[in-house]
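Below are the chains, spelled out letter by letter.
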Amino acid sequence: MTNNDIFKKLRVAHKLRDEDIVKILELVDFRISKSELNAFFRREDHPKYMECGDQILRNFLNGLIIHLRGPMPKPQKKKD
C-alpha cells in the first residue's frame, strides 16, 4: 500500500474535500495548492500523477490530529 493509497482512504473515511485538506495542512504550517493535492489522488497511469512523499503524509497526519482533537495544551509550570 502506497502513501497515495493511505491518503485517499483517509480522505474518503473522513469525508474531506480539497479545501479541508489544505486547511489541515496549514495547521502544521505546510502549504500546498489544490492542483498539487489533486495530483496525489489521480490514477498512477495519469500523466499528472505525483507520488505522495513521506513528509506530506506525515504533515497531513499531524494536522489531522490537531483538526480532530485540537492543539496540545501547553504544559503548566510547577509551583515550588
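Above this text sits the structure in question.
The structure contained in this document is the topic of the report that follows. Owing to the predicted nature of the structure, the values given are computational and were not obtained by experimental measurement.

1. Remarks on the overall build of the chain
(1) Moving on: Of the regular secondary structure elements, the chain holds four helices and zero strands.
(2) Moving on: Its helices and strands in sequence order give the chain the pattern α-α-α-α, from N to C terminus.
(3) Moving on: A globule of 80 residues ought to have a C-alpha radius of gyration of about 12 Å, yet the chain, at 15 Å, is considerably larger.
(4) Moving on: Once the C-alpha set of the chain is aligned to its principal axes, its extents read approximately 65 × 25 × 20 Å.
(5) Moving on: Within the span of the chain, comprising 80 residues, buried residues form 30% of the whole.
(6) Moving on: For the chain, contacts bridging at least 24 residues in sequence account for 61% of all contacts bridging at least 6.
(7) Moving on: Taking the average location of the 17 positive side-chain charges in the chain and that of its 12 negative ones, the two points are 7 Å from each other.

2. Some thoughts on the side chain of Asp18
(1) Moving on: The residue Asp18 is located in helix H2 (residues 18-26) in this model.
(2) Moving on: Overall, Asp18 belongs to the buried group, its relative accessible area being 14%.
(3) Moving on: A polar atom in the side chain of Asp18 sits 2.7 Å from the side chain of Arg11.
(4) Moving on: Apart from the residues lying within four places of it in its own chain, the contact partners of Asp18 are Arg11, Lys34, Leu37 and Asn38.

3. Structural notes on the packing of H2 against helix H4 (residues 54-69)
(1) Moving on: Viewed as axis vectors pointing N to C, H2 and H4 meet at an angle of 90°, and their least axial separation amounts to 8 Å. Judged by the inter-axis angle, H2 sits roughly perpendicular to H4. From H2, Ile21, Ile24 and Leu25 reach across to H4, where they touch Ile56, Asn59, Phe60, Gly63, Leu64 and His67.
(2) Moving on: Across the contact of H2 with H4, the residue classes break down as six nonpolar, three polar and no charged.

4. Describing the packing of aromatic side chains
(1) Moving on: On inspection of all chains with the given rule, the structure shows three aromatic pairs.
(2) Moving on: When the centroid spacing of 6.2 Å and the interplanar angle of 35° are considered together, the rings of Phe7 and Phe40 count as tilted. One end of the pair, Phe7, is in helix H1 (residues 3-13); the other, Phe40, is in helix H3 (residues 34-40), with 33 residues separating them in the sequence. Take Phe7 and Phe40: they sit in the same class, and that class is buried.
(3) Moving on: In textbook terms, an aromatic cluster arises when at least three aromatic residues are bridged by ring pairs, as seen for Phe7, Phe40, Phe41 and Phe60.

5. Some details on the nonpolar core
(1) Moving on: Formed by 17 residues in total, the largest nonpolar core has its most connected members in Phe7, Ile21, Leu37, Phe40 and Phe60.
(2) Moving on: Every element with two or more residues in this core is listed here: H1, H2, H3 and H4.
(3) Moving on: Each residue touching Phe7, except ones within four places of it in the same chain, is listed here: Ile21, Leu37, Phe40, Phe41, Cys52, Ile56, Leu57 and Phe60.

About the cut-offs
- Throughout this description, residue numbers start from 1 for each chain and increase along the sequence as written.
- Predicted model: local features are reported for residues with pLDDT of at least 70 only, side-chain atom pairs are reported and counted for 80 or more only, and whole-chain, interface and lining totals are derived from all residues.
- In computing side-chain values, all of the structure's heavy atoms are included and hydrogens and water are not.
- Secondary structure is summarised from DSSP: a helix means a run of H or I of at least four residues, a strand means a run of E of at least two, and numbering begins at the N terminus for each.
- We take the radius of gyration over the C-alpha atoms and set the globule estimate at 2.2 Å times the residue count to the 0.38 power.
- Categorising residues by exposure relies on relative accessible area from a 1.4 Å probe, with only protein chains included: less than 20% of the type maximum marks a residue as buried, more than 50% marks it as exposed, and the intermediate range marks it as partly exposed.
- By the convention used here, residues are in contact when the closest approach between their heavy atoms is within 4.5 Å.
- When charges are tallied, Lys and Arg are placed among the positive residues and Asp and Glu among the negative ones, while His and the ends of the chain are skipped.
- Charge placement uses NZ in Lys and CZ in Arg. For Asp and Glu, CG and CD serve respectively.
- Whenever two N or O atoms come within 3.5 Å, that pair is a polar contact, provided that in protein one can donate a hydrogen and the other can accept it, and provided that, for residues adjacent in sequence, both atoms are side-chain atoms.
- Every axis corresponds to a line fitted to the C-alpha atoms, with the helix fit spanning only the stretch in contact, and the corresponding angles, defined between N-to-C directions, vary from 0 to 180 degrees.
- The labels follow the angle: roughly parallel below 35 degrees, roughly antiparallel above 145, roughly perpendicular from 65 to 115, and oblique for the rest.
- In the scheme used here, Gly and all other residues not listed as nonpolar or charged are polar, with Ala, Val, Leu, Ile, Met, Phe, Trp, Tyr, Cys and Pro taken as nonpolar and Asp, Glu, Lys and Arg as charged.
- Two aromatic rings from Phe, Tyr or Trp, using only the six-membered ring of Trp, form a pair when their centres are within 6.5 Å; if the ring planes differ by under 30 degrees the pair is stacked, by over 60 it is edge-to-face, and anything between is tilted.
- Definition used in this section: a nonpolar core is a set of buried Ala, Val, Leu, Ile, Met, Phe, Trp, Tyr and Cys residues joined via side-chain atoms within 4.5 Å.

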